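Chain residues, written in single-letter form:
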Amino acid sequence: ALFGGVVSSSKKIFSFACLWSPHPKLAVAATLDSDKKEPTVGFKYGLAPTVTLGAKTTKDTLSLVYINKLGKDATLVVGATSKYAEINAKPVLGCSLTIG
């Protein structure tokens, strides 16, 4: 499936988006705002019914995320972000557990 859209704001900023899902477990998205002129490309892949991996890149950064649904009401999210200019530096890490 392929989906595309354009959204205009009151500040005359246009947001362009495209979502493509070549496989039921895979989704690829690309966005571009007319003011930033910096595209964002990302993907999401379902490894299992409760586990999803994702990645997002811009011209400056790469972000990775691991999402695990723990039961009916809990979700664990672990992520890392790194700047390409500082690729040898330690990435910024994050973790959250949502219950309820």
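Here, residues in each chain are numbered from 1, in the same order as that chain's written sequence. Under the rules for a predicted model, residues below a pLDDT of 70 receive no local features and side-chain atom pairs below 80 are neither given nor counted, while totals for whole chains, interfaces and linings still include all residues. Side-chain measures were taken over the full set of non-hydrogen atoms in the model, leaving aside hydrogen atoms and water.

## A few points about the layout of surface pockets
The rolling of a water-molecule-sized probe over the atoms marks out the regions of remaining empty space. Think of a 1 Å grid over just the protein atoms. A cavity is a set of points where a 1.4 Å probe fits yet cannot get out, a pocket is an open set with protein on both sides within 12 Å along at least five of seven lines, and lining residues have an atom within 4 Å of a point. Grid points are joined across faces, edges and corners, and a volume is the space filled by probe spheres set on the points. The computed volume of the largest pocket comes to approximately 190 Å³. Lining the largest pocket are 17 residues; nearest its centre among them are Phe43, Gly54, Ala55, Lys56 and Val65. Across the lining of the largest pocket, the residue classes break down as 9 nonpolar, 6 polar and 2 charged. In this count, Pro and Cys sit with the nonpolar residues alongside Ala, Val, Leu, Ile, Met, Phe, Trp and Tyr, while Asp, Glu, Lys and Arg are called charged and the others, Gly among them, polar.

## Details of the environment of Leu53
The way it works is that DSSP assigns letters per residue, a run of H or I at least four long becomes a helix, a run of E at least two long becomes a strand, and they are numbered from the N terminus. Mapped onto the elements of the fold, Leu53 is located in strand β5 (residues 51-57). Residue exposure (1.4 Å probe, protein chains only): buried if accessible area is under 20% of the type maximum, exposed if over 50%, otherwise partly exposed. Taking the relative accessible area as the measure of exposure, Leu53 reaches 31% and is therefore partly exposed. The sequence separation of Leu53 and Ile67 amounts to 14 residues, and the corresponding C-alpha distance is 6.3 Å. Contacts are assigned to residue pairs that have any heavy atoms within 4.5 Å of one another. In contact with Leu53, other than residues within four places in its own chain, are Phe43, Lys44, Tyr45, Leu47, Val65 and Tyr66.

## Focus on the pairing of strand β8 (residues 92-99)
Counting buried residues in β8 gives 0 out of 8 residues, a small share hidden from the surface. A pair of strands is labelled paired if DSSP reports no fewer than 2 bridges between them. Pairing between strand β7 (residues 74-83) and β8: 8 bridges, direction antiparallel. When the bridges of β8 are listed, Thr81 appears paired with Val92.

## What to know about a nonpolar patch on the surface
What makes a patch is a set of residues exposed beyond 30% relative accessible area and free of salt bridges, joined within 9 Å when like-charged and within 5 Å when nonpolar (Val, Leu, Ile, Met, Phe, Trp, Tyr). Each accessible area is a Shrake-Rupley result for a 1.4 Å probe, and residues are judged covered by the shown protein chains and nothing else. By definition, a salt bridge exists where a carboxyl oxygen of Asp or Glu is found within 4 Å of a side-chain nitrogen of Lys or Arg. A cluster of nonpolar residues, Val6, Phe14, Phe16 and Leu32, forms a patch on the protein surface that exposes about 330 Å² of accessible area. With respect to the helices and strands, Val6 occurs in strand β1 (residues 2-8). Judged by its relative accessible area of 54%, Val6 is exposed.

## Observations regarding the environment of Val77
If you trace the backbone, Val77 turns up in strand β7. Residues Val77 and Ile67, 10 residues apart in the sequence, show an inter-C-alpha distance of 4.6 Å. Apart from the residues lying within four places of it in its own chain, the contact partners of Val77 are Val65, Tyr66, Ile67, Gly94, Cys95 and Ser96.

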